[in-house]
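Architecture and fold: a report
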Amino acid sequence: MRLTVIGTGYVGAVHAACMAEIGHEVLGLDVDEERVAVLAAGRPPFYEPGLSRMLQRAVTTGRLRFTTSSVEAARFADTHFVCVGTPQRPDSGAADLRHVEGVVDALAPGLRRAGHNGALVVGKSTVPVGTADRLAERLRAAGADADVAWNPEFLREGCAIQDTLRPERIVAGVHSARAEARLRAVYAPLLAAGTPFIATDTATAELVKVASNSFLATKVSFINAMAEICDVVGADVLTLAEAMGADSRIGPRFLAPGLGFGGSCLPKDIRAFAERAEEIGRGDSVAFLRQVDEINTRQRRRIVDLAQRLVGGTFEGRSVAVLGAAFKPGSDDVRDSPALAVAEEARRRGARVRVHDPEAVDNARAAHPALQYALDVAKACERADVVLHLTEWSQYQELDPAALATVVRNPAMVDARNTLDVQAWHSAGWQLCAPGRPRLG
Ligand code: NAD
Ligand code: UGA
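What counts, and where the lines are drawn
- Residues numbered from 1 in each chain as written.
- Chains lettered and ligands numbered in written order.
- Predicted model: local features only at pLDDT ≥ 70, side-chain atom pairs only at ≥ 80, totals over all residues.
- Heavy atoms only, no water.
- Phe/Tyr/Trp six-rings, centres within 6.5 Å; stacked < 30°, edge-to-face > 60°.
- Helix = DSSP H or I, 4+ residues; strand = E, 2+ residues; numbered from the N terminus.
- Buried < 20%, exposed > 50% of the residue type's maximum accessible area, 1.4 Å probe, protein only.
- Salt bridge = Lys/Arg side-chain N within 4 Å of Asp/Glu carboxyl O.
- Near = heavy atom within 4 Å.
- Polar contact = N/O pair within 3.5 Å; in protein donor to acceptor, adjacent residues only side chain to side chain.
- Areas by Shrake-Rupley, 256 points an atom, 1.4 Å probe, with all protein chains shown as cover.
- Nonpolar A, V, L, I, M, F, W, Y, C, P; charged D, E, K, R; others polar.
- Domains from an automatic or database assignment.
- Pairing = 2+ DSSP bridges.
- Right-handed = clockwise from strand over helix to strand, strands pointing away.
- Expected span 1.5 Å × (residues − 1).
- Arc of directions from axis to C-beta.
- Contact = heavy atoms within 4.5 Å.
- Axes fitted to C-alpha atoms, helices over the stretch in contact; angles between N-to-C directions.
- Parallel < 35°, antiparallel > 145°, perpendicular 65-115°, else oblique.
- Left-handed = near helix turned anticlockwise from the far one by under 90°.

**Looking at the packing of aromatic side chains**
Overall, the coordinates contain three aromatic pairs when judged by the stated rule. When the centroid spacing of 6.4 Å and the interplanar angle of 65° are considered together, the rings of F81 and Y187 count as edge-to-face. Of this pair, F81 sits in strand β4 (residues 79-82) while Y187 is found in the loop between α8 (177-186) and α9 (188-192), placing the two residues 106 residues apart along the sequence. For the pair shown, F81 and Y187 are each scored as buried. Between W425 and W430 the ring centres are 5.0 Å apart and the planes differ by 75°, which places this aromatic pair in the edge-to-face class.

As C-alpha cells, then:
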C-alpha cells in the first residue's frame, strides 16, 4: 500500500521506517527541512536502537522517501498517518493542537478531489478526546473528501521498533467499515502474527491512549508516595515494591521508585487529560491526576534536598557530579528530563554541576547551556562532593566504586534510581543514599 506519514519526529520516523519494513511504499512529510534532509539520507535525527539500519534499508530500496510538500503527500497516497507533536500549551496544561490542525489544513486542498478509494486521515498523535471529530468537521468545512480515524501510538522510546512491529495491541478508532478495513490492511503482517486489533469509535481510541499513560504515571507516583512514607518510618521501598509487584493483579512493572517520570509524554499527557476533563465538566473524575503530577515533581526537589544535606547543608562552593541527562536510559531525549531538572536546581542553589550521559550530552547542552558536561564518568566525578545517579543507564551499574572513590573529593552517592549495588558501593567506602531506603545512608 501507499502511505504518508506526516510529522517525522520520534513517532513518525519510526512509524515510517517500520511501515516500509513491512512492505508499504511510504512518503514521510515534515515541515522541518533539515530533518527531511537527514532522514532522506537514511540517518535518524535522534538516537533510537535499530532505527539507523532500518531507515537505510528503506531509503536504499526506495520504499521510503521524504518531502516537505503537502501537495505531494496528498497526491501520493489515500492513507495519511498524522504523527505531529501535541505539546503542552505555554499558558495552561492543555494540549496545543496547532500542529494537527495545521496538517489537516495543509492536506485539505489536495483531498478535495480524492481518488476512487477516498482519503483516510489516521491520527497517531496523542490528543484530547473529541479531536478526531473536530478534525473531520474541519476537513468537511474545507470541502475535503476524507474520513478520519484514530490509531493511538503506544511505543516507548528506546524500544520503539519492537513496540511498532510487535505491539501488544493495535487500537483503531473508526467511524466506517471502510476505515477499519483499510487499517487492517495496513497492519496485515502484524495481525497475521497474532497482534490483537481492537476496533472502536474514535472517542474511545483517543481515551485509551491518555488513560493508559495516566495509569502508568499513577503507578510511578504511587510507589514514589510509598517511598516518602518509607523514609519516615524506616521501611524499604524496594522490598515493598517487590512484594506488591509479586501480586499478579498489581504486577511489578512501573513500580520502580526513584526520581519519577519525565519525557515528552507522561507529564504533558496527564495535564492535558486533566484540562480536557475540566472542559467536559468531569474534572473531579480525574482530579487525582493533579496529585500524581505533584508527587512526581516533588521527587525532584526531594533528591536535591537530600544531596544538599549530604554536602553539608549548602551547595555554595560544592561540586556535584550528575550521572545521566536523558529522561530515561536508552534514549537521547532530554525533554522534561528529571535528571536535568535536578542538575539545574542544584546549580541554581549554588553548586558547580558537571553532567555525564552516554548519549544525551549534545541535546542536554543545547537545552541547559549553563551546566557543565563531561564525556566520561571519571571526568564528571573529578573532585565531586556528591555524585547523583539520576538516569539508570546500565553502564552506571557496572562502574567500579573503588576506582571512582579515588577521583571524588567525598565518596557520597545519591542513587535516585535505586539500581546500584548497595553492598559494592558501601564496601568501597561510599556513603550511599536512596529515596525510600532510609536505612542505607
Ligand atoms: P516530535 O516533536 O519528535 O515530532 C513532531 C514532528 O512533527 C516534528 O518533526 C515537526 O517538525 C513535525 N511537524 C510539526 N508540524 C507539522 C506539520 N504541520 N506538517 C508536518 N510536520 C509537522 O514528536 P513525537 O515525540 O514524535 O510525538 C508525536 C506525537 O505522538 C505526540 O502527540 C506525542 O504525544 C505522541 N506520542 C509520542 C511518543 C514518544 O515516545 N515520543 C509515543 C507515543 C505517542
Ligand atoms: C511512555 C509510555 O510507556 C508509552 O507506552 C507511550 O507510548 C509513551 O510514553 C508516549 O505516549 O509518549 P516513554 O515516555 O518512552 O513511554 O517512557 P517510559 O518507559 O514509559 O518511561 C517514562 C518515564 O517514567 C521515564 O522518565 C522513566 O524513568 C519513568 N519511570 C518508568 C519510573 O520512574 N519508574 C518506573 O517504574 C517506570
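**A look at the pattern of salt bridges**
Taken as a whole and judged by the stated rule, the model has 33 salt bridges. Measuring nitrogen to oxygen at the nearest pair gives 2.7 Å for the salt bridge that ties D96 to R98. D96 sits in the buried class, given a relative accessible area of 10%. With a closest N to O distance of 2.9 Å, R300 and D336 form a salt bridge. Placement of R300 in helix α13 (residues 288-310) and of D336 in the loop between β9 (319-323) and α14 (338-348) is noted, with a sequence separation of 36 residues between them.

**With respect to the site of ligand 1**
Near ligand 1, the surroundings consist of 26 residues, among which V11, D30, T86, T126 and K268 are the closest. Between ligand 1 and the protein, one listed contact pairs a nitrogen atom with a side-chain N or O atom of E157 at 3.0 Å. In this structure, K268 approaches ligand 1 through a side-chain N or O atom, which is 2.5 Å from an oxygen atom. Relative to its unbound accessible area of 830 Å², ligand 1 is 87% covered by the protein chains.

**Observations concerning the site of ligand 2**
As a structural note, the neighbourhood of ligand 2 is formed by 21 residues, with F154, L155, K209, N213 and C265 the closest of them. Taking L255, its main chain carries an N or O atom lying 3.4 Å from an oxygen atom of ligand 2. At a separation of 3.3 Å, an oxygen atom of ligand 2 approaches a polar side-chain atom of R417. Taken by itself ligand 2 offers 710 Å² of open surface, and the protein chains cover 89% of this. Put simply, the parts of the chain that give the shell around ligand 2 at least two residues each are α10 (202-233) and α12 (266-279). Of the residues assigned to the shell around ligand 2, the class counts are 11 nonpolar, three polar and seven charged. Here the shell around ligand 2 spans two domains, and each of domain 1 (2-200) and domain 2 (201-441) adds at least three residues to it.

**Points about the pairing of β9**
Among the five residues of β9, five are classified as buried, and the element is accordingly described as predominantly covered. Of the two faces of β9, both are covered, the one formed by S319, A321 and L323 as well as the one formed by V320 and V322. As defined by bridge partners, β9 adjoins strand β10 (residues 352-356) across five bridges and the pair is classed as parallel. If you follow L323 over to β10, its bridge partner there is H356. Crossover handedness for the path β9 to α14 to β10: right-handed. Pairing analysis gives four bridges linking β9 to strand β12 (residues 386-389), with the strands arranged parallel. Bridge pairing links L323 to H389 in β12.

**Examining helix α5 (residues 98-111)**
Helix length check: α5, at 14 residues, gives a terminal C-alpha distance of 20 Å against a target of 20 Å (1.5 Å per residue), a fit within 8%. Buried within α5 we find V100, E101, V103, V104, L107, A108 and L111. Mapping the buried residues of α5 onto a view down its axis gives an arc of 150°, with all of them on the same face. Looking at the packing, one finds that the buried side of α5 touches β1 (2-6), α4 (70-76), β4, β5 (119-123), α6 (131-141) and β6 (146-150).

**What to know about the packing of α10 against helix α11 (residues 237-245)**
Each pair of packed helices gets described by two things: the angle between the helix axes and the distance between those axes. At a closest axis distance of 9 Å, the pairing of α10 and α11 adopts a crossing angle of 135°. By the angle between their axes, α10 is oblique relative to α11. Seen along the crossing, α10 lies across α11 with a hand that is right-handed. In this structure, α10 contributes F222, I223, M226, A227 and C230 to the contact, and α11 contributes V237, L240, A241 and M244.

**Looking at α14**
Taken together, the buried positions of α14 are P338, A339, L340, V342, A343, E344 and A346. Of the surrounding secondary structure, the elements contacted by the buried residues of α14 are α13, β9, β10, α15 (361-367), β11 (372-373) and β12. Of the residues trailing α14, G350 is marked for its positive phi of about 115°.

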